[in-house]
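# Examining the three-dimensional arrangement
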Amino acid sequence: MAPGGRDKHFDVEDDDEFAKGAPGKKRRFTEFECPTCSAHNPVGDAFGNGDDIFCGYCGQSFVAEVDEDGGLRLKET
Ligand SMILES: [Zn+2]
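Now for a description of the structure that goes with this document. (Residues numbered from 1 in each chain as written. Predicted model: local features only at pLDDT ≥ 70, side-chain atom pairs only at ≥ 80, totals over all residues. Heavy atoms only, no water.)

For the rest of this paragraph, the subject is the pairing of strand 4 (residues 61-66). Only one face of strand 4 is covered, namely the face carrying F62, A64 and V66; the face carrying S61, V63 and E65 is uncovered. The sheet contact formed by strand 3 (residues 52-54) and strand 4 spans three bridges and is antiparallel. The residue of strand 4 that forms the bridge with F54 is S61. Counted between consecutive antiparallel strands, the loop separating strand 3 from strand 4 contains six residues, among which G59 sits at a positive phi close to 85 degrees. Examined bridge by bridge, strand 4 and strand 5 (residues 72-76) share five bridges and lie antiparallel to one another. In the strand pairing of strand 5, V66 is matched with L72. Taking the residues between adjacent antiparallel strands as the criterion, strand 4 and strand 5 are bridged by five residues, where G70 takes a positive phi near 80 degrees. (Buried < 20%, exposed > 50% of the residue type's maximum accessible area, 1.4 Å probe, protein only. Helix = DSSP H or I, 4+ residues; strand = E, 2+ residues; numbered from the N terminus. Pairing = 2+ DSSP bridges.)

Here you go:
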């Protein structure tokens, strides 16, 4: 028996969310690389699956598609 009362076991870790698995389709992005002109585009408001975005350099617009693994794909519209 352990002397001196109760042991506390609070293993709260910041990476708890990662332990549950990838954010998947709900993942959001604050930047993307334009598939058309390869420009790097920071986005002020985070975007996610189904959102419309456009490249500030070449003007091409895209619909963001996020797959189950949290991977980002951009489809030209
Ligand atoms: Zn572009």
